[in-house]
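# Survey of secondary and tertiary structure
Chain by chain, the residues:
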Amino acid sequence: MSDDRPFAIAALRLSHFRSHRATRLALDGRPVALFGPNGAGKTNVLEAVSLLSPGRGLRRAGAEDLARRPEAIGWKITAEAAGHEIETWAEPGGARQVRIDGKAAPQVALGRVMRQVWLVPSMDRLWIEPAEGRRRFLDRMVMSFVPDHADAVLTYEKAMRERNRLLRDDVSDPAWYHALEAQMADAADAITANRHAALARVIAAQDGPFPRAELSITDDGGWPEAWIDRRRDRAAGRTLHGPHRADLQGVYAAKAMPAAQCSTGEQKALLISLILANARALSGEAPVVVLLDEVAAHLDADRRAALYAQLRDMRVQVLMTGTGAELFDSLGPDAQRIVVTEAAEGSTLAPAGPQDPE
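To keep things clear, this report deals only with the structure shown in the data block. Computed from a prediction, not measured in an experiment: that's the story for all the values here.

What counts and what doesn't
- Residues numbered from 1 in each chain as written.
- Predicted model: local features only at pLDDT ≥ 70, side-chain atom pairs only at ≥ 80, totals over all residues.
- Heavy atoms only, no water.
- Axes fitted to C-alpha atoms, helices over the stretch in contact; angles between N-to-C directions.
- Helix = DSSP H or I, 4+ residues; strand = E, 2+ residues; numbered from the N terminus.
- Parallel < 35°, antiparallel > 145°, perpendicular 65-115°, else oblique.
- Contact = heavy atoms within 4.5 Å.
- Nonpolar A, V, L, I, M, F, W, Y, C, P; charged D, E, K, R; others polar.
- Buried < 20%, exposed > 50% of the residue type's maximum accessible area, 1.4 Å probe, protein only.

## Overview of the packing of helix α7 (residues 264-282) against helix α8 (residues 301-313)
At a minimum axis separation of 11 Å, α7 and α8 run at an interaxial angle of 10°. It follows from the interaxial angle that α7 and α8 lie roughly parallel. Of the residues in α8, those in contact with Ala269, Ile272, Leu276 and Arg280 of α7 are Arg303, Leu307, Gln310 and Leu311. Here the residues of the contact of α7 with α8 sort into five nonpolar, one polar and two charged.

In structure tokens, the structure reads:
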């Protein structure tokens, strides 16, 4: 490395993962620029890295969809990360498994080794898609600060599914509801507190040339009022209010304009601002990895230079993809450039240009 910037991942190995039959990548801490034609396997590398965190990764794919075809013999990702040996894999028909330093571990443990944030093209619709997508974005942000947030969400959703089953079956005996509603109330308190605390940190960390967003969470009735009116919920056959109905609202601060009404370019800039703020708020408390898929494609040269300058100043590890090497020209020698090529035997990675940091 050329400076004392901490970085999470030193080495990455992919086996039969997506288009990668056998791929090895050594990282030196500089921003990584992966470039090549569409379909070469660039995003697959970012997806593999995203699976070194809890959850289903940046594509939200099931374990069975990650195996290289036509072999379909399962897949494996191995990484030297933050001083640990991390392995995650799935056998055909099996669930994803995790091992840290040779010991089986729950997925949530990955969030304690390092933190990740990412930006992918599908997120460009964040401000205009249904609320479910914004809740998912919000909870992913929260998990980057509080890995155990995932457990609270799962506890709440499991209890809510059971409660909804009682509602649909028209069960009226309150004894059937009390235990489930107590679980939901406790989990909802944690979910709501985690969301507001994380959002406050991201709001405070907004800085730099990208526009500032005013952010708020609408809880749609709040909690514990969510389950008080069982007659109303029973008529609907589901729980109508609570943190599962929350929505993230954004406003372009300089224009006092709701994000949903902004131009496509302004919405993208607001999203980049939030991703950078999320990473900035995390830096210093744990190794942080930022994944940016095709982020430069819709930015002009000045915006790209501003983004790269921000990334250079932050104490995070960055992996980016793009179709052409020219998209990363303004990084100069600060980038580790990798060309990705599609081949019958699997995607290949090769150094491109000078590889030694100055």
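## Digging into the side chain of histidine 149
The topology assignment puts histidine 149 in helix α4 (residues 149-168). When neighbours within four sequence positions are excluded, histidine 149 is seen to be in contact with Asp139, Val142, Met143, Ile191, Asn194 and Arg195.

## A look at the side chain of glutamine 267
Turning to its location among the elements, glutamine 267 is positioned in helix α7. Those residues within four positions of glutamine 267 in sequence are excluded, and the remaining contacts are Asp124, Trp127, Ile128, Ala259, Ala260 and Cys262.

## So, unusual backbone geometry
Apart from glycine, the bulk of residues carry a negative phi angle, and the bulk of peptide bonds sit in the trans form. The omega angle of the peptide bond from arginine 69 to proline 70 is 10°, so this bond is cis rather than trans. Relative to the helices and strands, proline 70 is located in the loop between α1 (42-50) and β4 (75-81). At histidine 16, a position not held by glycine, the phi torsion is positive, near 50°. Structurally, the position occupied by histidine 16 is in strand β1 (residues 9-17). Among the residues examined, histidine 16 registers a relative accessible area of 15% and is labelled buried. For alanine 256, which is not glycine, the phi dihedral falls at a positive 50°. By secondary structure assignment, the location of alanine 256 is in the loop between β10 (247-252) and β11 (257-258). The class for alanine 256 is exposed, based on a relative accessible area of 63%.

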